[in-house]
Structures are given as C-alpha cells and as structure tokens.
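These are the residues of each chain, in order.
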Amino acid sequence: MTDREPKKERRTPAQSWRGTADARPTSPTEPALRVFMRRLREILDEGGDGQARLDKIVLQISGLMVAEVCSIYFKRQDGSLELFATEGLNPDAVHRTLLKRGEGLVGRCAELGIAINEPDAQKHPAFSYRPETGEEIYHSLLAVPIMRGGVALGVIVVQNKTLRVYSEEDVDVLQAATMVIAEQILSGAVAGVGTAVELSKSLAAVIKGEVLSEGIALGHIVLHEPRVAVTNLLADDPQAEHARLETAHERLSETIEDMLRQEVLSSAGAHREVLEAYQMFASDKGWLRRMRAAVDEGLTAEAAVERVHNVTRAQMLRQNDPFWRERLRDLDDLSDRLLRILAGRTSAAEDLSALPEDAILVARTMGPAELLDYDRAKLRGLVIEDSSGQSHVAIVARALGIAGVGGAHRIIERVSTGDSAIVDAETGEVHLRPSPEVIQAYSDRVRFRARRQQRYQSLRDSPPVTTDGVRIELNINAGLLVDVPHLDEAGADGIGLFRTELQFMVAPSLPRFEAQVEMYRKVLDAAGGKRVVFRALDIGGDKALPYVRHPAEDNPALGWRALRLLIDRSALLRLQVRALLKAAEGRELSVMLPMVSVAAEVDHVRAMIERERAWLKAHGSSGPATLRLGAMIEVPAILYDLDGLMRRVDFVSVGSNDLMQFLFAADRGNPRVGGRYDVLSAPGLRALQSIVNAGIRCGVPVTLCGEIAGRPLEGMALLGLGFRSLSMSPASIGPAKAMIRSVDATRVAARLEEMMTRSGIDIRAGLKKLAEVDGVEL
Ligand code: PEP
Ligand code: MG
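Quick caveat: nothing in here was measured; it's all calculated off a predicted structure. (Residues numbered from 1 in each chain as written. Chains lettered and ligands numbered in written order. Predicted model: local features only at pLDDT ≥ 70, side-chain atom pairs only at ≥ 80, totals over all residues. Heavy atoms only, no water.)

## Side note on the packing of helix H26 (residues 712-721) against helix H29 (residues 763-774)
Okay, so step 1: Running from N to C, H26 and H29 point in directions that differ by 90°, and their axes come no closer than 10 Å. In terms of orientation, H26 lies roughly perpendicular with respect to H29. Contacts between H26 and H29 pair Leu713, Glu714, Met716 and Ala717 from the former with Arg764, Leu767, Lys768, Leu770 and Ala771 from the latter.
Okay, so step 2: In terms of residue class, the contact of H26 with H29 is built from 6 nonpolar, no polar and 3 charged. (Axes fitted to C-alpha atoms, helices over the stretch in contact; angles between N-to-C directions. Helix = DSSP H or I, 4+ residues; strand = E, 2+ residues; numbered from the N terminus. Parallel < 35°, antiparallel > 145°, perpendicular 65-115°, else oblique. Contact = heavy atoms within 4.5 Å. Nonpolar A, V, L, I, M, F, W, Y, C, P; charged D, E, K, R; others polar.)

In structure tokens form, the structure reads like this:
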C-alpha cells in the first residue's frame, strides 16, 4: 500500500459509541442512532446560550465519530458560510472564517445540497485552504448539508488526519445530526444562529429572472403547495409510526392511480408521463424500505420521509444523467405529497380559500392546469424558480394577464408566505419585502400603466386608419380559448394567428378528434364571425408535446419541426385537418402552414386536405363554405421562390420571429445573440419588402404575425414597406392603433426608401426622428 492510498477505516455508529462516555444506549435494544439524536436534543434543550449548545454538539459528534475535527457552518444572507462552532480547528476562527457561496468543498456541499466524502480533501481541486483554521494537518473530510425542505441552511463537517474513507453509517450519523440541528434552528431555539439563517427571510432583496408574462404586480407571497414543516422528529410509539407511514403511503399510491385513471388535470397539473413516473417512484420498494428503516431507528413517519428525501436527493444530485435530474422533481413532489397526507392535508386546495386579494404565487415548478386552479380574481403575480418564457405555464399566465417572472433562482428559500413583494415583469425583477419608497415608485408605475390602458381603451372603436387615409387591418395572435374574448376587448379585426399547438401543449394527452372539433368550433363561435386563421400544429423545436416522442437533436430550431414533422407524421395532421373542416362546417376556414421551406410542400398538404374534404362529404358533412390555405414565410430559402409559393396559396403571413432568426443566423431564444441584429436594418427590411412586392404582383394578401408587428416603431416601418395587415398580441393592439392613427404612411415609405438605399445609415434612429417631427405616437 502506498502513502497515497486512503486507509479505509470503517466504523459503525454502534462501534463508535465505545468512544463516548455520556451517550451510551440506555437499553440494549434501543437503536444507537436514536440514542444519539436524543442526546443531541437534550443538549439543545438545555439552558444556556446558543453558542454553548453548538459547542457541545460538535464535541459530541467528534467523540461519536472518532473525528479530530467537527465544525458547523451556517449560511448567511448573501449565501456565504460562516464558521459557527468547531471542535478541533483553531477556536479563533469561529465567526471569522467565511466561505463565499460555493467556495471550497464545504461551499460546494451547501450549494449542491450533497454530502462530500473525500479521503484526501487537500488534493481536491475545489479545496479552499484557510490558514486561520489550522486545518492543514487534516486530510479526510466528510461534509453533510444541513437541509430543510430541499434548502441547505448550513453544513456539518468532520475531518481526520488519516486518509479515511467515511462509511455510509458515518454519513447517516451526520445526517441525523443535521435534522435535529435544522429543526432547532428553525424553531429559534438556538439564539444568534437562527438570525443568520432567518435574516435572509427578513431583509429586502431583489431577485432577477426572466419575463414570462408582461405586467407589474404588487402583493403578498403565497407559496404554491408549501412544504409541511417537520417539527416532531422522535417517535414515542414506533409501532404507531409504522402504521401511519403504511397508511399514508397506501393513500399516496391510491391518489396517483386515481389521477392516472381519470387523467385529471385539475389539481395535479401533470401529464400522463409525469404521473407514470410518480407511480413508478411511489411503488418503488426501496423508497418504502428506507423509510421503514428510518422509523425503525426511532424517527416519526414525517421525519423518516424527510430523512430519506434528503439522502435520496443527494444521491440523485450526484448523477450527471439529466434523466435523474428530472426524476429529482418527482421525488421532491412525492415526498411533499406524503408529508401533506401525514399532516392530514391532501391537497393545496384547502389553502386556496385563504388566498389573499393580491396574491403573488411563488412555485418551484408549476403545470399550466395548476395555475388555472387558483382564483384568477385574486392572482396578481406569478414567480417560478424553474421556468422559461416558452413554458406552458407562461403561456397560460399570459393568457390570464398575470404578471409573471421565471428563472427566479432560489427564491423559495428566501421568502415566507405573507411577505410583501413586487413582480416587475417588464424587467424580470422580483422585489422581496420592498421599502416604502420602492412600493411608492411602483404604485406610480402601475397607475401610469392603467392610465395608458384607459387611453388605448378609448381607441377601441376608432378605426386604425393612418393620417393619409390608409386602413390597416389589425388582428390578434391567440392560442387558447381564454384569449378569444380579447378580440372584442381590443377592437381587433380578427385572429391573424391561432397557435393551435398551445391547446395541445396544455392537454394531458393527444386531443381526440371530437375534442379537437369542439375546441375549434368554440373558437369560431367566440370569434363571432370575425376571421380566424388556424395555424396547423407548430411543434418540435422548443415546443414539445409530452405525449409525442421526439428525438434529441443538435439544432432543434433547424430540425424536425413544424411542417416537416407534420408531413412525416401525416396521421397527426390529417386528424387536425379533418377536425378543422368539420368544426368550420358552413363557415369560412383559414388554415396556415408553419415553416414552409419549399413551395411544393403546399401541394402535398392541399392534396391531403382535398382528400379529407371528400371523405367528410362521403360521410355526410358539408365541410366549410370556403377554404383558404396559407403559408407562413419563416424560412429564408422561400424568399427566392415567392412567386412559386404565392401561386399555390390563398394568403401568406410573415413569421418574422423565425424568419429573422434564420436570416441573421441568431437564435431568437438566446439573449447573447438575439438582440445583436436589427430588423430595422437594410437587409431585414429588404427581405420584408420583397414579400410585400410579391404579394402585390401575384394578388395574394400578405400579413405579418411576428413580435415586431406589436412594437410601434417597427410597426411604423412595416407600414412604410407596404404592409396593410398585421397580427400581434392583444395587449399591443392599443399602442399599434395609437401609432397608426398618428402616422402618415406615405411619408414613412419615402423616408424609408431613401434610407435603405444609402449604406451605413442608422435606420432605427432615422425613423425615431421622423416620428418625433411628425408627432407619431410611439
Ligand atoms: C414567428 O415565427 O414569427 C411566429 C409568429 O411563429 P412562432 O413565434 O409561434 O414561432
Ligand atoms: Mg415561427
């Protein structure tokens, strides 16, 4: 054996007891771990100050584990770790040694929430040496996070001079200690320590995320499905705890099976796949066995759930496989559900009645249906730790008009129910416990926004006509039935883009034929005779359906998506087309194809639509009175065959979000490159102009339904290029109308023409100047 090879010392806690005089099992049958926990509890219950008790705890643990060092670090408000107590390190380092967030092995342990077991810690690249601690003589290190509700409050560390590999039992002992300590800290029993942890929950703070759904909301935090705090750790009657655990576990399995059977969306908000994963977990024998073993050691059923959750979570975090990372969510959720059952609360529903009038919902993750469970009238804002603007819940938040911020990293550990908060879903910031000055500033902004909305409201019945008399058709983009009423509220001409895939994304399984017919019929009914352009399913890329298998791709935006996918999966398209034809019986039906790359693709789909039409006729359905088939212009190649495309379609719509990302080769979802190019530059504008010109040449109506349609300055440029029809989010209709009614389209066209022919001109600045001079409302 070489010097470098760790000397494996294996001690079980029971063996280690021999080393301690004051914590011996009181009876031969009492589990050693339980005795240890009881002893820790006794220490914490003793009088005296918090520091003295922590000092006793580290002494106790170092004795039990035959470790030369035992230290406790607690997390401070800024995420750094402060050495609070030590046995073995230099006592002067206590309250002086600070590790930055994620620094060293200890910081890493807290950051990742996992145990770190290193026989030669000093050789580890992440090791951070602190001379004031005198730790240079210690080699082996075992660090275990002090977790509560999936959040690390601190870290317990043991160290030895030898190259020791700590055993699973050692990890168990420290885990047990962390549970007792976490419980005591959160109950405020250890004065002076609790403040360091709780401080982060009392000060003002700003968390930066990304905008999910635009708006500003002031209100009070409500935690979505708050965790049940486990306060009672040690069981008086182990048999009774076993019975409670078994009953709760059975109940959990039944609930999941029920959800699966009925595929209910309402409270679960989960898709079938998710539920199946839950079921797999819930019926996992190992999970139940580990919880039973923890009860055997003397824990209550709740403490057993919490303990197994913490340990399993740490093991799963060590896996690099994304599959296991995803399963982590299932584990968190299942443990939470089990704890709620044990606490006699079966769902979050009973808390819904207690929702404040100005609720700001904070969730780790959330499904779209779960959001719909809440009372819309009381919801002001939504903040989610793990979510992007593309997520399903973001789509629903936008449809409901709730200000939403996603990617709010670690917000849950920094808030409590009832805290005041402001969601600024213009900048993506969440202000926690804001000062009166900040509240005042935001109240002013909310009033300003409301005044602006009122002004737009007053334009509702005024036609969108430019000062030189050009009538512009204004349509809204929609995707859910709840969007359709915006058509009338905004005073728009129709729905220029109905993203049918959104209905599919919020459904737990592929909507069947009848369900689709009903969905489309409701949309047409709600539109009350105004034109609705249904876009065929635009899935793939960033829009996945949970029930459609999709291969991993290196470049999903350029991959198997939209029309390409529909042509390959013809059954999917056929079903949708048939449902649309049936729903629009006796009315006009407009269908638009996403991402047409080659004009001939339109022939393929048209032939298929005609076959479906004939089939429906043969089965007694008259089909739509008129059928319009359109193509989205999103792929640059089609710009070079516009006449070929226009010959085959009844209308085109420019999907400028995709067209510009492909034209400038800049991912629309990547903030590093997304904002690098300017649509209002000669290349972007020329591409758009060529489409308008082709439309005029071929007599085919042209519209534009990308985000730029809703931005007043860009919209003004589009009028100058000759666009006479635009489609945008409902909230943009007011600002667009105000711009249109104050602009002279002929003057913009002339100025634009002049700027586009001169190289190096800042067209955006030129247009702004023109708007200023002419008094265009932007
Ligand atoms: C577009 O690409 O401009 C468009 C409207 O489609 P989506 O944003 O749904 O891809
Ligand atoms: Mg698109």
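Moving on, there is more to tell.
## Thoughts on the site of ligand 1
Okay, so step 1: Taken together, 14 residues surround ligand 1, and among them Arg499, Arg535, Glu634, Asn657 and Arg668 come closest.
Okay, so step 2: Separating an oxygen atom of ligand 1 from a backbone N or O atom of Asp658 is a distance of 3.1 Å.
Okay, so step 3: For ligand 1, whose free accessible area comes to 290 Å², the fraction covered by protein is 97%.
Okay, so step 4: Only strand E16 (494-499) and helix H23 (656-663) provide two or more residues apiece to the shell around ligand 1.
Okay, so step 5: Per-element accounting of the shell around ligand 1 gives the leading share, 3 residues, to H23. (Near = heavy atom within 4 Å. Polar contact = N/O pair within 3.5 Å; in protein donor to acceptor, adjacent residues only side chain to side chain. Areas by Shrake-Rupley, 256 points an atom, 1.4 Å probe, with all protein chains shown as cover.)

## Details of the packing of aromatic side chains
Okay, so step 1: Overall, the coordinates contain 4 aromatic pairs when judged by the stated rule.
Okay, so step 2: Consider the rings of Phe498 and Phe534, whose centres lie 5.6 Å apart with planes at 65°: the pair is edge-to-face. Here the residue Phe498 occupies a position in strand E16, and Phe534 occupies one in strand E17 (residues 531-535), the gap between them amounting to 36 residues. Judged on exposure class, the residue Phe498 and its partner Phe534 are both buried.
Okay, so step 3: Its end group placed over the ring of Trp615, Arg578 keeps NZ or CZ at 3.7 Å from the ring centre. (Phe/Tyr/Trp six-rings, centres within 6.5 Å; stacked < 30°, edge-to-face > 60°. Buried < 20%, exposed > 50% of the residue type's maximum accessible area, 1.4 Å probe, protein only. Lys NZ or Arg CZ within 6 Å of the ring centre and 35° of its normal.)

## Describing helix H20 (residues 570-583)
Okay, so step 1: Compared with an ideal rise of 1.5 Å per residue, which puts 14 residues at 20 Å, H20 spans 20 Å between its outermost C-alpha atoms and is within 8% of the ideal.
Okay, so step 2: Buried within H20 are the following residues: Leu572, Leu573, Gln576, Val577, Ala579, Leu580, Leu581 and Ala583. (Expected span 1.5 Å × (residues − 1).)

## A few points about the packing of helix H9 (residues 285-296) against helix H10 (residues 301-317)
Okay, so step 1: At their nearest, the axes of H9 and H10 sit 8 Å apart, and the two run at 125° to each other. Accordingly, the angle class assigned to the pair H9 and H10 is oblique. For the element pair H9 and H10, the recorded crossing hand is right-handed. Contacts from Trp287, Arg290, Met291, Ala294 and Val295 in H9 reach Ala301, Ala304, Val305, Arg307, Val308 and Thr312 in H10.
Okay, so step 2: Here the contact of H9 with H10 is composed, by residue class, of 8 nonpolar, 1 polar and 2 charged. (Left-handed = near helix turned anticlockwise from the far one by under 90°.)

## Topic: empty space enclosed by the protein
Okay, so step 1: Under the definition given, this model contains 3 cavities of 30 Å³ or more.
Okay, so step 2: Mapped onto the lining of the largest cavity, the elements with two or more residues apiece are helix H4 (104-112) and strand E6 (151-160).
Okay, so step 3: Sorting elements by how many residues they give to the lining of the largest cavity places H4 first, with 3 residues.
Okay, so step 4: Looking at the lining of the largest cavity residue by residue, the class counts come to 8 nonpolar, 5 polar and 3 charged.
Okay, so step 5: As for the second largest cavity, its lining consists of Ile539, Gly540, Lys543, Ala544, Leu545, Val548 and His550.
Okay, so step 6: Taken together, the residues of the lining of the second largest cavity break down into 4 nonpolar, 2 polar and 1 charged. (1 Å grid on protein atoms, 1.4 Å probe; cavity = no way out; pocket = protein on both sides within 12 Å on 5 of 7 lines; lining within 4 Å. Points joined across faces, edges and corners; volume = space filled by probe spheres on them.)

## Quick look at the environment of Glu46
Okay, so step 1: Within the element layout of this structure, Glu46 appears in the loop between helix H2 (32-45) and helix H3 (50-64).
Okay, so step 2: Glu46 gets classed as partly exposed once you look at its relative accessible area, which sits at 28%.
Okay, so step 3: Not counting the four nearest positions on each side in its chain, Glu46 is found in contact with Arg39, Arg53 and Lys56.

## Considerations on the coordination of the magnesium ion (ligand 2)
Okay, so step 1: In the first shell of the magnesium ion (ligand 2), the protein supplies Glu634 (OE) and Asp658 (OD), at 2.0 to 2.1 Å from the metal. Placement of the pair is Glu634 in the loop between strand E19 (626-633) and helix H22 (642-648) and Asp658 in helix H23, with a sequence separation of 24 residues. The pair Glu634 / Asp658 is uniform in exposure class, with both members buried. (Donors = N, O, S within 2.8 Å, 3.2 Å for Na, K, Ca; no water.)

## Overview of the confidence of the model for the protein chain
Okay, so step 1: Summarising the model, the protein chain shows a mean pLDDT of 84, and 85% of its residues fall at 70 or more.
Okay, so step 2: Overall, residues 1-28 carries pLDDT values under 50, and its contacts beyond four positions in sequence, including any with other chains, amount to 48 contacts.
Okay, so step 3: Across residues 263-271 the pLDDT falls below 50, and counting only partners more than four positions away or on other chains, this stretch makes 27 contacts in the model. (pLDDT = per-residue confidence, 0-100.)

## What to know about the pattern of salt bridges
Okay, so step 1: Per the counting criterion, the structure on display carries 40 salt bridges.
Okay, so step 2: Arg471 is paired through a salt bridge with Asp493; the nearest N and O atoms lie 2.9 Å apart. You can see Arg471 sitting in the loop between helix H15 (436-458) and strand E15 (473-478) and its partner Asp493 sitting in the loop between helix H16 (486-490) and E16, a full 22 residues away along the chain.
Okay, so step 3: Arg648 is the salt-bridge partner of Asp603, the closest N and O atoms lying 3.0 Å from each other. In this pair, Asp603 sits in helix H21 (residues 600-618) while Arg648 sits in helix H22, placing the two residues 45 residues apart along the sequence.
Okay, so step 4: Assessed through its relative accessible area of 36%, Asp603 is described here as partly exposed.
Okay, so step 5: Beyond isolated ion pairs, a larger network of salt bridges with shared partners links Asp424, Glu426, Arg445 and Arg449. (Salt bridge = Lys/Arg side-chain N within 4 Å of Asp/Glu carboxyl O.)

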